[in-house]
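Listed here are the chains, written in short residue letters.
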Amino acid sequence: MRLLKTGRWITIVGLALLAAVYVRALAFTPLERFQGAAQKIYYIHVPSAVCAMLAMGLVGVAGILYLLLKDPRFDRFGEASAEVGVAFSLVMLTTGPLWAKPIWGTWWTWDARLTLTLFLFLLFLGYLLLRGAVTEPGLRARYSAVLGICGLVLLPFIHLSVYLFRTLHPEPIVLKPSAPSLPSEMLVTLLFSFLVFTILYVGLVTQRYAVSLLREQADPHA
Amino acid sequence: MPENTPYMVAAYVITAVILVGYAVLLYRRTLKP
C-alpha cells in the first residue's frame, strides 16, 4: 500500500533527524548557566508537549468534521492521531519530571499545568479504551468524536494554565505573543526539534492510518 | 561531567526508546494488521 510506504519513509527520515537533534542539542548547543545539562531536556520536552497537544487538537477537529460530514476518514484519522498522541504524551510526562527533579527538587507537583497535561494523557487513553469497548462502527465514531472535541476544549486551558493559576511550571519562552526570549543558538535547536517532532508525528499518523485501513479491508464490519 | 547530566541522559534515552519503540510496534502491526 502506497500510504503505508509513505508513512514508513517519513518515520525513518524523522527518526534519523531525531538523531541529528540529539547531536545538535548535546554537542552544538551551549549549556545554560544556572540549570546546566538538565536544561537540554527542554529540546525534547517542549516539542513532545506541543506535538501531544497538536495530536489532541487534530483529534478534536477530526471529530467535528466527522459529526458534520459523516466521513469515516476523519474517524480513522482521529484514532491514528490519538494513538500517536499517547506516545508523545508519554515523552512529555517522563521528560518533565526528569527535568523537574534537579531544578524544582521534586519529580511532580499537583499544580494546574502538570495536572492538566496528565488529564490530556488520560483523555488519550480514555479515547482509545472507548474505541475498544464500542463494537458498532457508527456509534464508536460518534462517541469518539464527542470525546475528541472535549479534548480540544481542554487545550486552551493547558496553554493558559501558567497564566491563570499559580504554578511552578515556567511560562512559554517561544509560544507567546512577544518575541522568543532565548539565545539564537538555543532557539535554532528548539525550532529544529519542533520540525523533527512534527515530521515524526506525520509519519507515525500516516502509518497508523494505513493500519486502520488495512484492518477495515480485512474485516469491513470491525 | 556537568551536574544534572544523568537526568538529561535518562530523558534522551527514554525519548528514543518510546519513539523508536512505537515506530517498531507500528511496523510489526503493518505486517499483521
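Residues numbered from 1 in each chain as written. Chains lettered and ligands numbered in written order. Predicted model: local features only at pLDDT ≥ 70, side-chain atom pairs only at ≥ 80, totals over all residues.

**Student:** Where do I start with the overall build of chain B in this structure?
**Tutor:** Helix and strand counts for chain B come out as 1 helix and 0 strands. Taking the principal axes of its C-alpha atoms as reference, chain B extends roughly 45 × 10 × 5 Å. (Helix = DSSP H or I, 4+ residues; strand = E, 2+ residues; numbered from the N terminus.)

**Student:** How should I be thinking about the overall build of chain A in this particular structure?
**Tutor:** Counting its secondary structure elements, chain A contains 6 helices and 0 strands. In sequence order, the secondary structure elements of chain A are arranged as α-α-α-α-α-α. Its C-alpha atoms give chain A a radius of gyration of 19 Å, within 12% of the compact-globule value 17 Å for 222 residues. Taking the principal axes of its C-alpha atoms as reference, chain A extends roughly 60 × 40 × 30 Å. Sequence separation of 24 or more characterises 77% of the internal contacts of chain A that already satisfy a separation of 6 or more. (Rg over C-alpha atoms; globule rule 2.2 N^0.38 Å. Contact = placed C-beta atoms within 7 Å.)

**Student:** Would you mind going over helix H5 (residues 137–164) of chain A with me for this structure?
**Tutor:** In an α-helix there are 3.6 residues to a turn, and that puts residues three or four apart on one side. Residue and element names in this part refer to chain A. For H5, which comprises 28 residues, the first-to-last C-alpha distance of 40 Å matches the rise-based estimate of 40 Å (1.5 Å per residue) to within 8%. Of all the bends found along H5, the most pronounced is centred on Ile158 and spans about 30°. Within the sequence span of H5, burial applies to Ala141, Ser144, Ala145, Leu147, Gly148 and Gly151. Along its buried surface, H5 packs onto helix H2 (42–69), helix H3 (72–104) and helix H4 (112–133). (Expected span 1.5 Å × (residues − 1). Bend = angle between axes of the 7 residues up to and from the residue. Buried ≥ 20, exposed ≤ 12 C-beta atoms within 10 Å, placed from the backbone.)

**Student:** Looking at this model, I keep getting lost on the packing of H3(A) against helix H6 (residues 184–218) of chain A. Mind explaining?
**Tutor:** Any two packed helices are characterised by how steeply their axes cross, that is the angle between the axes, and by the distance between the axes. Residue and element names in this part refer to chain A. Packing of H3 against H6 brings their axes to within 8 Å, and their N-to-C directions diverge by 130°. One finds that H3 runs oblique with respect to H6. Taken as a pair, H3 and H6 cross one another with a handedness that is right-handed. Mapping the contact onto sequence places Arg76, Phe77, Glu79, Ala80, Ser81, Glu83 and Val84 in H3 and Tyr201, Leu204, Val205, Arg208, Tyr209, Ser212 and Leu213 in H6. (Axes fitted to C-alpha atoms, helices over the stretch in contact; angles between N-to-C directions. Parallel < 35°, antiparallel > 145°, perpendicular 65-115°, else oblique. Left-handed = near helix turned anticlockwise from the far one by under 90°.)

**Student:** Would you mind showing me how to read the packing of H6(A) against helix H1 (residues 5–31) of chain B here?
**Tutor:** Axis separation between H6(A) and H1(B) bottoms out at 10 Å; the angle between their running directions is 25°. One element, H6(A), and the other, H1(B), form an angle in the roughly parallel class. At the point where H6(A) passes H1(B), the crossing takes the left-handed sense. Within the contact between the two elements, H6(A) uses Leu200(A), Leu204(A), Gln207(A), Arg208(A), Ala210(A) and Val211(A) and H1(B) uses Leu19(B), Tyr22(B), Ala23(B), Leu26(B), Arg29(B) and Thr30(B).

**Student:** What's the story with the environment of Ser178(A) in this structure? I'm lost.
**Tutor:** Residue and element names in this part refer to chain A. Turning to its location among the elements, Ser178 is positioned in the loop between H5 and H6. Of the residues examined, Ser178 has 6 C-beta atoms within 10 Å and is grouped as exposed. Sequence-wise, Ser178 and Ser48 are 130 residues apart; in three dimensions their C-alpha atoms are separated by 22 Å.

**Student:** I tried to follow unusual backbone geometry on my own but got confused; where do I start?
**Tutor:** Most peptide bonds take the trans form, and the phi angle of most residues other than glycine is negative. Residue and element names in this part refer to chain A. If you check the backbone angles, Lys70 has positive phi at about 55° while not being a glycine. Tracing the chain through its elements places Lys70 in the loop between H2 and H3. Of the residues examined, Lys70 has 12 C-beta atoms within 10 Å and is grouped as exposed.

**Student:** Explanation requested: the nonpolar core in the structure shown.
**Tutor:** Proteins that are soluble and globular tend to have nonpolar side chains buried together. If you look at the biggest cluster of nonpolar residues, it comprises 60 residues, and the most contacted ones within it are Ile41(A), Ala52(A) and Ala55(A). For this core, the secondary structure elements donating two or more residues are helix H1 (2–27), H2, H3, H4, H5 and H6 of chain A together with H1 of chain B. (Core = buried A, V, L, I, M, F, W, Y, C linked by C-beta atoms within 7 Å.)

**Student:** Even after reading the chapter, I still don't get H4(A), so can you show me in this structure?
**Tutor:** Residue and element names in this part refer to chain A. For H4, built from 22 residues, the straight-helix expectation of 32 Å at 1.5 Å per residue is met to within 8% by its first-to-last C-alpha distance of 30 Å. Residues of H4 that are buried include every one of Arg113, Thr117, Leu120, Leu123, Phe124 and Tyr127, and no others. Taken end-on, H4 shows its buried residues confined to a sector of 100°, consistent with a single buried face. Among the exposed residues of H4, those oriented more than 90 degrees off its buried face are Leu122, Leu129, Gly132 and Ala133. The elements touched by buried residues of H4 are H2, H3 and H5. (Arc of directions from axis to C-beta.)

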